[in-house]
Amino acid sequence: MLMKIHFGLALDGERARQPANRLGEPLLGPLGFLDLLEGMLGLQTRPVAAAVRIAQYRDCLGSANILPRFYSQSYETDPLGTAATLLSWRDQWHLHGWSRRFDEGDSPRLRDLDIVESLASVSVTPGIGERLKQLASKIAGKSLPISQVIVYDAAEDLPVGWRNVLQLLPVTYAPALLPTTSTTLLGKLQDSLLESLSGSMPAAIPWQQDDSIRVVRAETRLTAARWLANRTPAGNALIVAQTDAALLDRSFESAGVPLIGLKEHSAARPALQLLPLALAMMWQPVDVPSLVAFLSHPVCPLPGYARRKLAAKLAGEPGIGGLHWQSTLEQIAAHYGEKATEVLDNIRFWIECERFDPAQGALLNDISSRITRLAGFFQARLRDPESIDAISAKAAHAQCRDVLASLEKRTPGNRLNPVQLSKLLGQATARGSHNPLLYPEAGACLAIADPAAAIAPADEVVWWQLAMPLLPSNPPWSSAERRQLAAAGIALPAMDAQFDALASHWLRPILAARQRLTLILPPQGSEVHPLWQMISSLVKDIPIEPIERSLADSTLPNIQPCPLPARRRWWHLEPSSIPRREKESHSSISILLDNPYQWVLRYPAALKLSQTLDVADGPRLYGLLAHRTVERFFTETAWKTLADHDIEVWLEKTFPIIVDEEGAILRLPGRRADMSRCRFHIRRALLKLTQQCRAAGIVEVASEAELTGDFAGGKIGGLADLILTSQDGRQAIIDMKWSGENRYPDKLKKNTHLQLAIYAELQRQKNQAWPAVGYFILNTARLFTHDADLFTGAVAVADKAGNQTASLWQQFNATWRWRDAQLQQGAIEVVMPDTVSDEASERTDDCMPANKKQEAENTAYNDFTALAGWEGGR
């Protein structure tokens with residue numbers, strides 16, 4: 001059977017005609033037609049990625065760079081970028097007829113590229129222009145199973161390479177679309193636009209309200225998409241969507257309208273993000289944010305439980321190694337049982353890998369092994385070719401394959417630094433991949449991304465987001481160079497010709513409209529399409545309808561407003577419906593006493609905020625590093641006899657290890673000052689704390705000591721930062737805080753230091769004696785305590801009422817009984833800035849005073865603000 005080919009330069013991947021019984025009549029663009037012809041002639045070869053061709057051409061440029069060339073400086077700075085630019089020039093020359101070498105007197109740039117071509121012609125995989133030359137030489141005298149080729153572009157708009165091939169085939173040039181013969185405003189506009197395109201100045205057209213042209217605009221693209229989804233044209237209709245096609249499809253999907261499925265390519269597809277993340281982990285210092293992103297990525301070569309545990313550890317303690325890291329690995333091994341060895345091997349390969357100095361670069365073998373491992377991971381996901389996983393993995397597997405192919409062109413002993421590797425990745429991922437979830441559905445109207453693909457009439461044409469398109473850029477050639485290029489057979493189109501062709505392409509959708517044209521302008525302030533400027537200059541006083549007003553005037557379903565729940569001071573449940581916890585902690589009991597609704601939602605209701613893995617930084621990280629340094633110091637050293645100089649030597653050796661294990665984010669570029677500042681504060685605090693301990697006669701220091709005991713409501717426990725024991729048996733519990741020199745002494749003064757009071761009572765229950773308590777502020781190296789007798793160098797703080805920790809413990813128990821009685825009756829207090837306290841909110845005289853700051857709380861520490869209701873119910 002002979003084929004009837006429909007060919008156009010803009011038709012690759014476009015749905016430009018209505019479905020019909022057209023067996024043997026494919027609609028093809030340049031890539032599709034080229035593949036078809038090569039298949040007929042037995043010339044097909046394995047596709048080669050653009051990144052591979054760039055690497056091939058880079059090698060040719062390097063070989064020719066023995067002598068100074070016009071590109072030498074650029075090549076030394078960025079060989080891949082230079083190769084990409086010059087290869088695009090070369091491909092354009094071949095496509096437009098490059099047929100002979102340049103003369104001796106021609107431009108040095110052209111002669112340099114001519115010399116490179118002597119190498120590239122045998123070393124670089126042929127581009128489209130070269131493949132077309134080969135086709136033209138092979139087609140002559142051959143009988144192909146093609147009865148007709150209908151071409152939808154003017155002959156003068158075709159590159160020389162395509163003209164040379166098409167003249168050997170039975171070609172018919174399709175007639176241009178003609179205006180509708182009606183007297184509607186649409187017909188008049190089509191006539192005027194054609195007249196304007198021919199160089200004439202048509203008379204202005206008065207606005208005509210005949211519903212043949214409609215121009216609308218929304219304040220946002222989302223609103224415009226929703227509007228179009230609610231009135232999607234039916235029947236023989238065409239949508240032109242040069243931008244934001246994915247947004248349009250999402251709106252169609254939510255409205256139950258068939259998707260048009262225009263394939264917007266993006267390098268940010270999830271599967272394509274994994275290779276850059278995997279390679280970012282190869283460099284020193286460890287890039288903790290990239291590491292967490294790799295582990296929390298939905299597509300990851302590590303199994304789910306392992307990566308969740310590792311990501312949580314790295315987010316809380318950003319570093320690799322140490323006891324906590326090893327503990328996490330042991331939990332992972334216990335979880336996977338027989339598969340533990342395989343999982344731990346994967347962790348060692350991806351996370352605990354050798355890291356390279358960016359200045360020296362990484363060996364190609366190391367880079368290749370990492371990419372090969374990832375390619376194997378994606379290869380395994382290709383087993384079910386119809387699944388969504390396989391569709392997305394296919395693009396990622398091709399990405400890995402293309403980068404590997406580019407690396408193969410280099411000498412194995414060579415190295416690549418991060419900048420070079422990033423450039424290579426960018427070229428391999430330049431086009432990206434389409435969203436596999438968006439594809440044309442049955443019943444969808446025609447849709448095109450390129451206006452030049454409008455080749456058939458349609459009852460209605462909708463141009464979505466008539467915004468400024470990409471315009472041709474000025475060529476890099478001088479007038480003399482253009483003459484020399486022409487002498488070599490290279491017929492590059494002039495800028496005027498390119499703009500004329502572009503204008504005719506813009507008119508195609510307008511001329512395709514038979515009954516109605518709808519133009520959806522971009523939001524106010526966006527740069528509009530030149531076509532809209534042409535239309536608005538031809539038609540006087542075009543009304544632009546605000547889409548928001550159209551939505552308000554439309555017959556949408558009448559939905560009764562449902563007010564949001566208003567905030568109120570008390571919630572009520574059935575009595576005895578709120579269970580007590582088996583064991584409380586200071587953090588949980590504080591929420592219970594101060595804001596019970598948070599406690600009820602967090603614990604009995606077991607509601608959790610969605611996990612967002614923010615890497616610890618700032619005061620939170622500095623406090624973590626300080627705690628770990630103090631813990632290791634008192635555990636690992638003979639601190640009682642250690643001189644200050646020896647303490648500093650120990651810190652100089654140990655602090656970098658702690659940073660690597662739990663604060664590696666401070667190793668990143670730009671963080672050296674932060675790490676130095678943190679180390680300075682920790683050094684001063686460590687020296688001062690040691691002096692305080694020696695002066696107080698401390699002989700034993702327990703860090704991160706676990707405490708447990710009883711209170712009025714059952715069991716309670718926690719971890720004390722430091723428990724100090726003196727020679728005479730007296731004890732003190734010290735809570736270390738990175739900052740808060742005003743806040744924490746104020747707690748001691750007002751006798752509201754509940755956490756210390758709980759820990760002190762738990763220690764009293766164990767040893768039958770009340771310990772002293774205090775706060776050590778790390779960033780100022782100051783100790784605040786009630787007990788000035790034990791710590792003579794501390795800042796003594798006396799509470800205003802003369803109360804002590806024991807009385808605070810009694811108040812705490814009384815407060816818990818008061819609050820628990822309310823909960824057992826089903827009464828839950830909601831303490832918010834706009835919920836007014838009442839008589840039931842008043843505590844009894846033996847209770848702790850209410851936390852007034854809770855009344856005007858900082859909602860940043862309340863995960864359940866939205867669940868408390870809304871002010872006024874709105």
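Source: prediction; values computed, not measured.

## Description of the pattern of salt bridges
Okay, so step 1: Applying the stated criterion across every chain, the model contains 45 salt bridges.
Okay, so step 2: The partner of Arg 348 in a salt bridge is Asp 345, and the shortest N-O contact between them spans 2.3 Å. One end of the pair is Arg 348 and the other is Asp 345, both in helix α15 (residues 340–350) and three residues apart, which spans about a single turn.
Okay, so step 3: The salt bridge involving Glu 662 is made with Arg 628; its shortest N-O contact spans 2.6 Å. Note that Glu 662 is positioned in helix α26 (residues 644–662) and Arg 628 in helix α25 (residues 618–636), a separation of 34 residues in sequence. Arg 628 carries the same exposure label as Glu 662, and that label is buried.

## Some words on the sheet that holds strand β1 (residues 3–7)
Okay, so step 1: The parallel open sheet is built from four strands, whose spatial order is β2-β1-β3-β4. In the strand order of this sheet, the two ends are held by β2 (27–28) and β4 (171–173), each with one partner.
Okay, so step 2: Note: β1 against β2, two bridges, orientation parallel. In the sheet register, His 6 faces β2, and the bridge partner there is Leu 27.
Okay, so step 3: Against the sheet, helix α1 (residues 30–40) touches β1, β2 and β3 (146–151), its axis set at about 150° to β1.

## Considerations on unusual backbone geometry
Okay, so step 1: Each neighbour pair has its own omega, and for Gln 284 with Pro 285 the value is -10°, a cis peptide bond.
Okay, so step 2: By the element assignment, Pro 285 lies in the loop between α11 (270–280) and α12 (288–296).
Okay, so step 3: Despite not being glycine, Asp 211 shows a phi value in the positive range, around 65°.
Okay, so step 4: Its location among the elements puts Asp 211 in the loop between β5 (205–206) and β6 (213–217).

## Describing the pairing of strand β7 (residues 237–241)
Okay, so step 1: Most of β7 is tucked away: five of the five residues are buried.
Okay, so step 2: With five bridges joining them, β7 and strand β11 (residues 458–464) adopt parallel strand pairing. Among the inter-strand pairings, Val 240 is bridged to a residue of β11, identified as Trp 463.

## What about helix α29 (residues 754–767)?
Okay, so step 1: Over its 14 residues, α29 runs 20 Å from end to end, which matches the ideal 20 Å to within 8%, given 1.5 Å per residue.
Okay, so step 2: For α29, the tally of buried residues reaches ten of 14 residues, placing the bulk of the element in the interior.
Okay, so step 3: Among all positions of α29, only Leu 754, Gln 755, Leu 756, Ala 757, Ile 758, Tyr 759, Ala 760, Glu 761, Leu 762 and Gln 763 are buried.

## Points about the nonpolar core
General note: in soluble globular proteins, nonpolar side chains tend to be found buried as a group.
Okay, so step 1: Trp 93, Phe 294, Ile 347, Ile 351 and Phe 378 are the most contacted members of the largest nonpolar core, which totals 126 residues.
Okay, so step 2: When residues no more than four places from it in sequence are discounted, the contact partners of Phe 378 are Ala 271, Leu 274, Val 299, Ala 393, Ala 396, His 397 and Cys 400.
Okay, so step 3: Ile 578, Ile 777, Phe 812 and Ala 868 belong to the second-largest nonpolar core, a separate cluster that totals 42 residues.

## Some thoughts on the side chain of Arg 307
Okay, so step 1: As for its position among the elements, Arg 307 is in helix α13 (residues 304–316).
Okay, so step 2: Of note is the side chain of Arg 307, whose polar atom sits 3.1 Å from the backbone oxygen of Leu 295.

## Digging into the sheet that holds β6
Okay, so step 1: Within the open sheet, the six strands sit side by side as β10-β7-β11-β12-β6-β14. Their pairing is parallel. Each of the sheet's edge strands pairs with one partner strand only, and the pair in question is β10 (446–448) and β14 (545–546).
Okay, so step 2: Here β6 pairs with β14 via two bridges, running parallel. If you follow Val 216 over to β14, its bridge partner there is Glu 545.
Okay, so step 3: Contacting β7 and β11, helix α10 (residues 245–254) crosses the sheet at an angle of about 135° to β7.
Okay, so step 4: Helix α20 (residues 495–512) contacts β7, β11 and β12 (513–521) of the sheet and is inclined by roughly 125° relative to β12.

## Remarks on α25
Okay, so step 1: Over its 19 residues, α25 runs 27 Å from end to end, which matches the ideal 27 Å to within 8%, given 1.5 Å per residue.
Okay, so step 2: Among the 19 residues of α25, 14 are classified as buried, and the element is accordingly described as predominantly covered.

About the criteria used
- Residues numbered from 1 in each chain as written.
- Predicted model: local features only at pLDDT ≥ 70, side-chain atom pairs only at ≥ 80, totals over all residues.
- Heavy atoms only, no water.
- Salt bridge = Lys/Arg side-chain N within 4 Å of Asp/Glu carboxyl O.
- Helix = DSSP H or I, 4+ residues; strand = E, 2+ residues; numbered from the N terminus.
- Buried < 20%, exposed > 50% of the residue type's maximum accessible area, 1.4 Å probe, protein only.
- Pairing = 2+ DSSP bridges.
- Contact = heavy atoms within 4.5 Å.
- Axes fitted to C-alpha atoms, helices over the stretch in contact; angles between N-to-C directions.
- Expected span 1.5 Å × (residues − 1).
- Core = buried A, V, L, I, M, F, W, Y, C linked by side-chain atoms within 4.5 Å.
- Polar contact = N/O pair within 3.5 Å; in protein donor to acceptor, adjacent residues only side chain to side chain.

The values reported here are purely geometric and, on their own, carry no functional implication.
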